[in-house]
Amino acid sequence: MTFNEVIGQQEVQERLVQMVSEGRLPHAMMLCGPAGSGKLALAVAFGCYLLNRKPNNPMFPDDPDNQESPMLRKLEHPDLHFTYPTIKLPSMGTDHKPVSDDFAREWHELIMQGPYFTLDQWLTAIGAENQQAIITAGESDELVRKLSLKSSQGGYKVSIIWLPERMNIECANKLLKLIEEPPTQTVFLMVCQEPDKLLETIRSRVQRIDVKKLPDDIIRQGLIERRGIDEESARRISRMSNGSWMKALEALQVDNENKQFLDLFIQLMRLAYQRNVKELRKWSETMAAFGREKQKRFLEFFLRMTRENFMYNFQQADLCYMTQEEEAFARNFARFINEANVLQLYELSNRAIRDIGQNANAKIVFFDFALQVIVLLIQK
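Remember, predicted model here, so these are calculated numbers, not experimental data.

1. Section: the environment of Ala334
Here is step 1: Residue placement: Ala334 occurs in the loop between α15 (324–333) and α16 (342–357).
Here is step 2: Note: C-alpha distance between Ala334 and His81 (253 residues apart in sequence) is 52 Å.
Here is step 3: Dropping the residues within four chain positions of it, Ala334 is found in contact with Asn309, Tyr312 and Asn313.

Below, the structure is given as structure tokens:
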């Protein structure tokens, strides 16, 4: 993988390469930033750059002479090591501490599809269901073993640690010792989303590089060039993605969740306007059939649509962040979300999110939610 495959982040790319060219490469770095900003993509591209770099030739990755080896293109280089959160499978022994190698096939399949994915996507790939994924002490022992070996290619050894904040305390303490006394020619690249959850002693021993949200124009350009999206659709998606390339990709899915949520939102509002209590009860039963996480995501979607429809009334295009389908509904509906009910609708949604999070009966929560919408919708 090369830097050409990273979306934007040119400033960070140049900073990383400059550290190498000036001979001041730290042995441990931590890329921090919001989801979808490209932290993992940067780490993988930089790791490949280090492993592909010829001695005394600190070339920028776009140099035409810099041809990646087949091993790096497939991310199968023997000196490139990945660490990531794992779970304990039923088939594992009682004393077994899960390590990344236990899920190497799933990881390789996912990352080869592209280095932009969420923790939820990773958990789905390994069949985590309701388990919490962590990085165990067994992983740190495995890292010590791997990194103590001599580089197979005579250059760097690169250890990419995805979401180090998910290390348990035993693993974190062992990794701290490894960072304090790093093996020869080893570079640690941590990809962190919540650095405050890491041990302070680890944070103080790594060089932090902050990765910012992607600008709208970078996402828009990426959608047009890499996904063949038309200019108008790319503009809308880029504004809604809030600086996240992953959110932009999610919006492109033909059968994405937002389309389902929009249908449910439209159905709710139409039935509430008609005061059709019988059909609203059926609507609440449909919502209750979803898992609790999906129910909360719908309520968050409801919050967003409430905000967007309220702002639509001001007729200021730069204030609204809606898809074409959402805006088409807002043209006739937005006037029903106004100063008389917008705050109450927000409060109603937040209460429902709280109740669902506290395992309240979903049928009751959503039926009451729908009835309250009737009352708020007819306020003038």
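2. Observations concerning the pairing of strand β1 (residues 28–32)
Here is step 1: By the criterion of burial, β1 is predominantly enclosed, with five of the five residues buried.
Here is step 2: Of the two faces of β1, both are covered, the one formed by Ala28, Met30 and Cys32 as well as the one formed by Met29 and Leu31.
Here is step 3: As paired strands, β1 and strand β4 (residues 186–192) are joined by five bridges and run parallel to one another. Residue pairing in the sheet places Met29 in a bridge with Leu189 of β4.
Here is step 4: Pairing of β1 with strand β5 (residues 207–210), which is carried by four bridges, proceeds in the parallel orientation.

3. Section: the pattern of salt bridges
Here is step 1: Across all of its chains, the model carries 24 salt bridges by this definition.
Here is step 2: A salt bridge links Arg24 to Glu22; its shortest N-O distance comes to 2.6 Å.
Here is step 3: Arg24 sits in the partly exposed class, given a relative accessible area of 43%.
Here is step 4: In this structure Glu22 comes out as partly exposed when scored by relative accessible area, which is 44%.
Here is step 5: Through salt bridges with shared partners, one network takes in Lys97, Asp141, Glu170 and Lys174.

4. Description of the sheet that holds β4
Here is step 1: Taken together, five strands build an open sheet; the order of strands is β2-β3-β4-β1-β5 and the sheet is parallel. Edge strands, defined here as strands with exactly one partner in the open sheet, are β2 (80–83) and β5. On average, each strand axis in the sheet is tilted by 20° relative to the strand beside it, whichever way the strands run.
Here is step 2: With six bridges joining them, strand β3 (residues 157–162) and β4 adopt parallel strand pairing. When the sheet's bridge partners are listed, Ile160 is paired in β4 with Leu189.

Thresholds applied
Residues numbered from 1 in each chain as written. Predicted model: local features only at pLDDT ≥ 70, side-chain atom pairs only at ≥ 80, totals over all residues. Heavy atoms only, no water. Helix = DSSP H or I, 4+ residues; strand = E, 2+ residues; numbered from the N terminus. Contact = heavy atoms within 4.5 Å. Buried < 20%, exposed > 50% of the residue type's maximum accessible area, 1.4 Å probe, protein only. Pairing = 2+ DSSP bridges. Salt bridge = Lys/Arg side-chain N within 4 Å of Asp/Glu carboxyl O. Axes fitted to C-alpha atoms, helices over the stretch in contact; angles between N-to-C directions.

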